[in-house]
Amino acid sequence: MDEIFNLLDGLNKVDLQRWAGGKIYDRGEEYVGKVTGLSHTADGALAAWVTGTEKYAAFVYLEEDGDHTFFCTCPYDWGPCKHVVAIILAASDRAARKKAVPRLDEKGDLYRILFADREDDRACPEDDDADSEGADREKNPGKAQIEKALSGKSKRELVALLVDLAGRFQE
């Protein structure tokens, strides 16, 4: 938990705006009060429910380099969403007030929705490359969710996504 607080302490508005985009950051600020069930996992992710049009489940792994790994059940799939930003800001607020973030209940709905598929994928490898894919999932737990989201996209949608990402992350 201290590691999460240290990462939160090192974050600032400019870093988050650069990561998520100014518009998404501003929308995320509006959703901080809609974050419920804020918790952390054993391996350092922040997870919570965020109520918007619907109640969405989301998590984010804060990385020192600012390239945070995230997933949200909302339909926005062009990068970090306002729900993930709201979770970071809510956790940052708790850290500033020296209030602990509780551990995620691994038997609860939030855990099941966010992480159960990942565990199922590791338990039932589908091909000979399973060991390297399992290692990838360990480093990037949202990979299975990203693969699932992208697999339903048309070629045109995938090209549009890549063009958008190339424009936002020119390096």
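Here the structure is a predicted model, which means the values were calculated and not measured.

Description of the side chain of histidine 68
Within the element layout of this structure, histidine 68 appears in the loop between β3 (55-61) and β4 (69-72). Residue class for histidine 68 comes out buried when judged on its relative accessible area of 5%. Only 3.0 Å separates the side chain of histidine 68 from the backbone nitrogen of glutamate 63, close enough to count as a polar contact. Non-local contacts of histidine 68, meaning those with residues more than four positions away in its chain, are made with Leu11, Trp19, Val60, Tyr61, Leu62 and Glu63.

A few points about the pattern of salt bridges
Tallied over the entire structure, the rule returns 4 salt bridges. Ionic pairing is found between arginine 97 and aspartate 93, a salt bridge with its closest N-O pair at 3.1 Å. Note on aspartate 93: relative accessible area 38%, which makes it partly exposed.

Focus: the packing of helix α3 (residues 22-31) against helix α4 (residues 82-96)
Contact geometry for α3 and α4: axes closest at 7 Å, N-to-C directions at 60°. Considering the angle they form, α3 stands oblique to α4. For the pair α3 and α4, the crossing hand works out as right-handed. From α3, Ile24, Tyr25, Arg27, Gly28, Glu29 and Tyr31 reach across to α4, where they touch Lys82, His83, Val85, Ala86 and Leu89. Classifying every residue of the contact of α3 with α4 gives 6 nonpolar, 2 polar and 3 charged.

Some remarks on the sheet that holds β3
Reading across from one edge, β1-β2-β3-β4 is the order of the 4 strands in this open sheet, with antiparallel pairing throughout. Each having just a single partner strand, β1 (35-40) and β4 make up the two edges of the open sheet. Ignoring which end each strand starts from, the neighbouring axes of this sheet average 15° apart. Summarising the sheet, strand β2 (residues 45-51) and β3 pair through 7 bridges and their orientation is antiparallel.

Side note on unusual backbone geometry
Of note in this structure, lysine 98 is not a glycine but carries a positive phi near 60°. Here lysine 98 shows up in the loop between α4 and α5 (109-123).

Some thoughts on the nonpolar core
The biggest cluster of nonpolar side chains holds 33 residues, and the ones touching the most others in it are Leu8, Leu46 and Ile88. Elements with a minimum of two residues in this core: α1 (2-10), α2 (13-20), α3, β1, β2, β3 and α4. The greatest single-element share of this core, amounting to 9 residues, is contributed by α4. Among residues more than four places away in sequence, those in contact with leucine 8 are Leu46, Leu62, Ile88, Ala91, Ser92 and Ala95. With 12 residues, the next largest nonpolar core counts Ala45, Trp49, Leu110 and Leu114 among its residues.

Cut-offs applied
Residues numbered from 1 in each chain as written. Predicted model: local features only at pLDDT ≥ 70, side-chain atom pairs only at ≥ 80, totals over all residues. Heavy atoms only, no water. Helix = DSSP H or I, 4+ residues; strand = E, 2+ residues; numbered from the N terminus. Buried < 20%, exposed > 50% of the residue type's maximum accessible area, 1.4 Å probe, protein only. Polar contact = N/O pair within 3.5 Å; in protein donor to acceptor, adjacent residues only side chain to side chain. Contact = heavy atoms within 4.5 Å. Salt bridge = Lys/Arg side-chain N within 4 Å of Asp/Glu carboxyl O. Axes fitted to C-alpha atoms, helices over the stretch in contact; angles between N-to-C directions. Parallel < 35°, antiparallel > 145°, perpendicular 65-115°, else oblique. Left-handed = near helix turned anticlockwise from the far one by under 90°. Nonpolar A, V, L, I, M, F, W, Y, C, P; charged D, E, K, R; others polar. Pairing = 2+ DSSP bridges. Core = buried A, V, L, I, M, F, W, Y, C linked by side-chain atoms within 4.5 Å.

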